[in-house]
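Breakdown of the fold
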Amino acid sequence: MTLIEFITAQSARLKEAGVSFGHGTTNAFDEAAWLVTWALGMPIDALETQAQRAITPDEFTKADDIIARRIDTRLPAAYLTKQAWLQNVPFYVDQRTIIPRSFIAELLADGEGDGTLDAWLSDNTHSVLDLCTGNGSLAVIAAMAYPEITVDATDISDEALAVARINVDQHKLGKRITLFKGDLFENVRGPYDLIVCNPPYVNSDSMAHLPAEYQHEPALALAGGDDGMGLIRRILGDAPRYMTRDAVLVLEIGNEREHFEAAFPRLEVAWLDASAGSDQVLLLTREGLLRATR
């Protein structure tokens, strides 16, 4: 059996088992390709050059076992491989933290090119805060995209911060990224020119119906209360005190736009285009936040 034949067969197996995706892949074939190439110690793009390579009996067993484990445990592939990719940047991940998948990464990754955020930033953008950093992926991508900035990254979870430390060190960014433990803005320095935040925002009803794969992630990193806005209310109320005059806050809210607009009807918002559409990530200015609370 060739590599492509084996992956195709394992893809059908995943599909038949009804596993859920969304932690790095969106379909059964990509998930099978990731797990099979990882199990065989091959690069993730091995199919491009080795599709017709024959699979040995030992390799068959190794790869078959990882697919079986994916199905039986419903663990996301990233937890099985201890690796996730965001904007082509590799990150270590385990069950101490959420798997990185923020759409904010897309907006940061263009850096000093023609990215969506550039119109809101300036030559005076030097200090950045990654609020609710989790595994540290947004802090790392921001530091890579903008070499002149420094980043503070904070989280309430010691376990998440331990994973973030691995990723900061892995990318040799310890001199530019400082990790803090705290409840939202507790213990951060500020003020900041840019705040990015992918907070817990899943509403209670959605939490109760999450696929098994998502239930393996820390609930602390997902649950946002009855309407998903519990933590976001605190963030928007406190943020202006930690923002410079021309600072912006980039906030991810996933599929909670309806709840967001109901909770903050007076807030002036700029919705940013991402691959999932223009209703997942929004931008707020300091002045806009202040006006909404006057």
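Residues numbered from 1 in each chain as written. Predicted model: local features only at pLDDT ≥ 70, side-chain atom pairs only at ≥ 80, totals over all residues. Heavy atoms only, no water.

**With respect to the pattern of salt bridges**
With the rule as written, the count across this model stands at 17 salt bridges. Across the salt bridge formed by arginine 101 and glutamate 217, the nearest N and O atoms sit 2.8 Å from each other. Of this pair, arginine 101 sits in the loop between β2 (89-92) and α6 (104-109) while glutamate 217 sits in the loop between α10 (212-215) and α11 (230-238), and the two are 116 residues apart along the sequence. A network of salt bridges, in which partner residues are shared, links Glu31, Arg70, Arg74 and Glu213. (Salt bridge = Lys/Arg side-chain N within 4 Å of Asp/Glu carboxyl O. Helix = DSSP H or I, 4+ residues; strand = E, 2+ residues; numbered from the N terminus.)

**Some remarks on the pairing of strand β5 (residues 177-181)**
Relative to β5, strand β4 (residues 150-155) runs parallel, the two being bridged by five bridges. Bridged to valine 151 within β5 is isoleucine 177. Note on the crossover from β4 through helix α8 (residues 158-170) to β5: the handedness is right-handed. (Pairing = 2+ DSSP bridges. Right-handed = clockwise from strand over helix to strand, strands pointing away.)

**Notes on the packing of helix α1 (residues 3-17) against helix α4 (residues 57-73)**
Remark: α1 packs on α4, axes separated minimally by 10 Å, with the N-to-C direction vectors making an angle of 15 degrees. For the element pair α1 / α4, the angle class is roughly parallel. Pair α1 / α4 crosses with right-handed handedness. Within the contact between the two elements, α1 uses Phe6, Gln10, Arg13, Leu14 and Ala17 and α4 uses Phe60, Ala63, Asp64, Ile67, Ala68, Arg70 and Ile71. Across the contact of α1 with α4, the residue classes break down as eight nonpolar, one polar and three charged. (Axes fitted to C-alpha atoms, helices over the stretch in contact; angles between N-to-C directions. Parallel < 35°, antiparallel > 145°, perpendicular 65-115°, else oblique. Left-handed = near helix turned anticlockwise from the far one by under 90°. Contact = heavy atoms within 4.5 Å. Nonpolar A, V, L, I, M, F, W, Y, C, P; charged D, E, K, R; others polar.)

**Considering the environment of methionine 207**
Along the polypeptide, methionine 207 turns up in helix α9 (residues 204-208). Taking the C-alpha atoms as reference, methionine 207 lies 6.7 Å from alanine 223; in sequence the two are 16 residues apart.

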